[in-house]
Amino acid sequence: MTDVKSSSTTASIVPHLWFDKEAKEAAAFYCSVFPDSQVTSEVTLRDTPSGDSDLITFTVWGQPFMAISAGPYFKPNPSISFIVNFDPSRDKNARAMIDEVWSKLSEGGFALMPLDQYPFSQRYGWIQDKYGFSWQLMLTNPEGEPRPTIIPSLLFVGDNCGKAEEAREFYLSVFRNARAGSLVRYGPGQAPNREGTVMFTDFMLENTWFAAMDSALEHPFQFNEAISLLVHCETQEDIDDYWSKLSAVPEAEQCGWLKDKYGVSWQISPAVLDDMITRGTPEQRERVTQAFLKMKKFDMEELRRAFEGK
């Protein structure tokens, strides 16, 4: 029997991308676009409600990601995008790199904001790639503490507009290892955005940096399950705690998934589940999959019993 031990690393939050059938192809594409990127595991979950589903883990410029092919149920939109910091103090050829990455992401994609000079950056562009996921490429030279290369960014629009600061404070209160970063507000004369709402903020949750902003422009989208935030938990107590604080939509609770009060999707998962799925035998993987498909909030002990065939 394969022995699975709980990871000794600290808690982590990993962006999780939902695809119809393209997860494996997309992971390979992103790893070809960005430096220091690689696929770290590929497994297939059998007999799920979506049929056989490919589950991929990969890193993009050092940032962990997960992706799943699980049917045409959710389509990505720019409500969650990924800021990519090209820092000349870190990479001497940062300007050339940003142009090269933009060119690669442009194949089959389209610009939401053209690659150009803006008041906040000498070189910036926002692009939606051929799979529908969005990237903000920015030439930056951060003062003070450096930020990671890739940062998930939450856009608060529609009914959520004006709630970015509230959401930041809420998330900072939920996660134990958390701290605030910068906060820049809209000033007068920046209509339709309301003075005092958030032009940009960033904050760290469990060693992962996030950004957020309000936008009062008309946007035909909101947060959905196409991008969720996967929280790897070491203990059942952590699962219970995050679940009770974050879950705000009972009908969205399924297989470790929940939605918070802003509509952001989270997955609250035991870290050991990754080991079970990626290192277990096909029979162990099948038992664990069938066990968690019946759950809303994950039960670590029940998953262990399923893995061990008890």
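In what follows, the structure referred to is the one given above.
Per chain, the residues get numbers from 1 upward, laid out in the order the sequence is written. Restriction of local features to residues with pLDDT of at least 70 applies here, the model being predicted, together with a cutoff of 80 or more for giving and counting side-chain atom pairs; totals for whole chains, interfaces and linings are based on all residues. Heavy atoms from the whole structure form the basis of all side-chain values; hydrogens and water molecules are not counted.

Asks: Residues and numbers for the overall build of the protein, please.
Replies: Where helices and strands are cited, they refer to DSSP runs of H or I of at least four residues and of E of at least two residues respectively, numbered from the N terminus. Scanning the protein from terminus to terminus reveals seven helices and 15 strands. Atoms counted for the radius of gyration: C-alpha only. Globule rule: 2.2 Å times the number of residues to the power 0.38. Taking 2.2 N^0.38 as the reference for a compact globule, 310 residues should give roughly 19 Å; the C-alpha atoms of the protein span a radius of gyration of 20 Å, in line with that estimate. With the C-alpha coordinates aligned to their principal axes, the bounding extent of the protein is approximately 65 × 35 × 35 Å. Note on definitions: a residue-residue contact is assigned when non-hydrogen atoms from the two residues lie within 4.5 Å. Sequence-distant contacts, at least 24 apart, represent 64% of the contacts inside the protein between residues at least 6 apart. Counting every atom, the protein has about 14,000 Å² of accessible surface; 49% of that belongs to carbon and sulfur. Per-residue accessibility takes into account occlusion by the displayed protein chains alone, with areas from the Shrake-Rupley method and a 1.4 Å probe.

Asks: Before we move on, could you go through the side chain of Asn 224 and cite the residues and values that matter?
Replies: In this structure, Asn 224 sits in the loop between strand 12 (208-214) and strand 13 (227-233). Polar contacts, as counted here, are pairs of nitrogen or oxygen atoms within 3.5 Å of one another; within protein the pair requires one atom able to donate a hydrogen and one able to accept it, and residues that are adjacent in sequence qualify only if both atoms are side-chain atoms. Here the side chain of Asn 224 touches Ala 226 through a polar contact of 3.0 Å, landing on its backbone nitrogen. Beyond its immediate chain neighbours, meaning those up to four positions away, Asn 224 contacts Lys 75, Asn 77, Gly 263 and Ser 265.

Asks: Account for the nonpolar core, naming residues and giving values.
Replies: To qualify as a nonpolar core, a set must consist of buried Ala, Val, Leu, Ile, Met, Phe, Trp, Tyr and Cys residues joined through side-chain atoms within 4.5 Å. Type-normalised accessible area, obtained with a 1.4 Å probe on protein chains alone, sets the label of each residue: buried when under 20%, exposed when over 50%, and partly exposed for intermediate values. Among the nonpolar cores identified, the biggest contains 87 residues, and Tyr 30, Trp 135, Tyr 171 and Trp 266 are the most heavily contacted of them. Counting residues per element, this core draws most heavily on helix 1 (residues 23-33), at seven residues. Those residues in contact with Trp 266 that lie beyond four places of it in its chain are Ile 13, Tyr 171, Phe 175, Leu 205, Ser 228, Leu 229, Val 231, Leu 246, Gly 256, Trp 257, Leu 258 and Asp 260. In this structure, Tyr 118, Tyr 124, Met 138 and Tyr 186 belong to the second largest nonpolar core, which totals nine residues.

Asks: Tell me about the pattern of salt bridges, and name the residues and values.
Replies: Salt bridge, as applied in this entry: a Lys or Arg side-chain nitrogen positioned within 4 Å of an Asp or Glu carboxyl oxygen. Counted according to the given criterion, the structure contains 13 salt bridges. Residue Asp 99 pairs with Arg 123 through a salt bridge whose shortest N-O separation is 3.1 Å. Remark: Arg 123 occurs in strand 7 (residues 121-128) and Asp 99 occurs in helix 2 (residues 94-106); sequence separation between them is 24 residues. Note that Asp 240 and Lys 297 form a salt bridge whose closest N and O atoms lie 3.0 Å from each other. With Asp 240 in helix 4 (residues 236-246) and Lys 297 in the loop between helix 6 (282-292) and helix 7 (300-308), the pair connects residues that are 57 residues apart, well separated along the chain. The partly exposed category is assigned to Asp 240, whose relative accessible area is 29%. Residue classification places Lys 297 among the partly exposed positions, given a relative accessible area of 34%.

Asks: Account for the packing of aromatic side chains, with residues named and values stated.
Replies: Whether two aromatic rings pair depends on their centres lying within 6.5 Å, for rings of Phe, Tyr and Trp, where Trp uses its six-membered ring; planes under 30 degrees apart make the pair stacked, over 60 edge-to-face, and the rest tilted. Here the structure, examined in full by the defined rule, presents 29 aromatic pairs. A ring pair is formed by Phe 29 and Tyr 131, whose centres lie 5.9 Å apart and whose planes are at 65°; its orientation type is edge-to-face. In this pair, Phe 29 is assigned in helix 1 and Tyr 131 in the loop between strand 7 and strand 8 (134-139), connecting sequence segments 102 residues apart. The pair Phe 29 / Tyr 131 is uniform in exposure class, with both members buried. On the numbers, 6.3 Å between centres and 45° between planes, the contact of Phe 65 with Trp 135 is tilted. Highlighted residues: Phe 65 in strand 4 (residues 63-69) and Trp 135 in strand 8, separated in sequence by 70 residues.

Geometry only, nothing functional implied.
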